[in-house]
Amino acid sequence: MTHAMPDRVAIAAHAKANLFLRVLGRETSGYHGLETLFVLLELADELTVERSAAGIELAVDGADTGPVEDNLAYRAARAVLDATGQRFGVRMRLVKRIPVSAGLGGGSSDAAAALHAVNALAGSAIPRNEILQLAARLGSDVPFLASGAPLALAWGHGERMFRVPPPAAAPVLLVVPSFGVSTPKAYELLDQGRAAGQTRGTVVLDADAFGTWGGIARLGGNDFEIPVFGKEPALRALYEKLCATRPLLARLSGSGSALIGLYRSERDRDAAALELGERDHRLLRTATRAAPAPAPAA
Ligand code: C5P
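Rules and cut-offs
Residues numbered from 1 in each chain as written. Predicted model: local features only at pLDDT ≥ 70, side-chain atom pairs only at ≥ 80, totals over all residues. Heavy atoms only, no water. Helix = DSSP H or I, 4+ residues; strand = E, 2+ residues; numbered from the N terminus. Axes fitted to C-alpha atoms, helices over the stretch in contact; angles between N-to-C directions. Parallel < 35°, antiparallel > 145°, perpendicular 65-115°, else oblique. Left-handed = near helix turned anticlockwise from the far one by under 90°. Contact = heavy atoms within 4.5 Å. Nonpolar A, V, L, I, M, F, W, Y, C, P; charged D, E, K, R; others polar. Buried < 20%, exposed > 50% of the residue type's maximum accessible area, 1.4 Å probe, protein only. Pairing = 2+ DSSP bridges. Arc of directions from axis to C-beta.

A cis amide bond links Gly-256 with the next residue in sequence, Ser-257, at an omega value of 15°. Relative to the elements of secondary structure, Ser-257 occurs in the loop between strand E8 (249-252) and strand E9 (259-262). In this structure, Gln-86 is a non-glycine residue whose phi angle is positive, near 55°. One can find Gln-86 in the loop between helix H1 (72-83) and strand E4 (89-95). Of note in this structure, Ser-124 is not a glycine but carries a positive phi near 55°.

In structure tokens:
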């Protein structure tokens, strides 16, 4: 099969949230085994990638994401260029709309988008299963975001996934505090709160529970809520206020700091936004995605 080789592609890098998240235990490597339900959100960054003669350039608009070489999109581009024999370089432009250090998978989604975009410039030389392999090396959220699935149960380090058909798209309110939470710090706090060797117990997940947002809400919360709210009492107070707006589901997303509320209707969501106000935090209105993530477009 031959593939067209575009010189420039654009791709939306959608945010994720975790509808439940259990940290199963600390492994000898220091990493943690997870079990989580990922959902894709409409909120997205935008990545454009252009072929250049050699090297990698990255310009970021809309947020301070730190040194370019550490950016996950940069590292993803390098992984694909290395795997395809460095036949060309890329000039990337990233427009950030997903808040950073918020647990919304922004950096990971940029990486997933960069894997697909640079591979598209290489005529899709790298097969999909190898793209997912590269994704897993970049972080625990990247395989889900590279898979395109709108809803998936994931485990291990996020490299094991079970696609779940999503319920109809639900309106979402994201509550984004003025401070971020560092993921390694959140794992450290969680470990401190657990006895050494403590396990997460036995569970049987019932497929029927995944059919509605209410059923998903009853599957439980996020293990980071106790340690992160313990360290940031203002975030706990905000979470309690979010719960009082009667969402279908309210959670800390990932290791925070963003909170996610899912609502029955846009009207309920907008009423919740009015109740919460925007004094010490930002509110973003979005929705869960019912369709798979888009592929790169020329
Ligand atoms: O996957 P991500 O890049 O978000 O990971 C950031 C940090 O969080 C890791 O360097 C590690 O300290 C911790 N982590 C972990 N177990 C995981 C994922 C992340 O301990 N499954």
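It is worth spelling out the packing of H1 against helix H2 (residues 106-121) at this point. At a minimum axis separation of 7 Å, H1 and H2 run at an interaxial angle of 30°. As summarised for this structure, H1 and H2 are arranged roughly parallel, according to the angle between their axes. For the crossing formed where H1 meets H2, the hand is right-handed. Of the residues in H2, those in contact with Leu-72, Ala-73, Ala-76, Ala-77, Val-80 and Leu-81 of H1 are Gly-107, Ser-108, Asp-110, Ala-111, Ala-114, Leu-115, Val-118 and Asn-119. Here the residues of the contact of H1 with H2 sort into 10 nonpolar, three polar and one charged.

A word on the pairing of strand E2 (residues 32-52). Of all the 21 residues making up E2, 16 are buried; the element is thus mostly covered by neighbouring parts of the structure. With 16 bridges joining them, strand E1 (residues 8-26) and E2 adopt antiparallel strand pairing. Bridge pairing in E2 places Ala-12 opposite Glu-46. Between E1 and E2, which follow one another and run antiparallel, lie five residues, and Gly-30 among them has a positive phi close to 95°. In this sheet, E4 lies alongside E2 in antiparallel orientation, the contact comprising seven bridges. What sits directly across from Glu-46, in E4, is Val-95.

Pairing is antiparallel across the open sheet formed by four strands, whose spatial order is E8-E9-E7-E10. Each edge of the open sheet is held by one strand with a lone partner, namely E8 and strand E10 (281-287). Between one strand and the next, the sheet's axes are offset by a mean angle of 20°, whatever the strand orientation. Strand direction decides the pairing type here: strand E7 (residues 171-177) and E10, joined by seven bridges, are antiparallel. The residue bridging Leu-173 from the neighbouring strand is Arg-285, located in E10.

Right, let's talk about the side chain of Asn-18 for a bit. Structurally, Asn-18 can be placed in strand E1. Contacts of Asn-18, omitting those with residues within four sequence positions, involve Thr-36, Leu-37, Phe-38, Gly-103, Arg-251, Leu-252, Ser-253 and Gly-254.

Because the α-helix completes a turn every 3.6 residues, residues three or four places apart line up on one side. Considered for burial, the residues of helix H9 (residues 266-276) that qualify are Arg-269, Ala-272, Ala-273 and Leu-276. The buried side chains of H9 occupy one side of the element, clustering within an arc of 100° when seen end-on. Away from its buried face, by an angle of more than 90 degrees, H9 presents the exposed residues Arg-267, Leu-274 and Glu-275. Directly after H9, the chain includes Gly-277, whose backbone phi takes a positive value near 65°.

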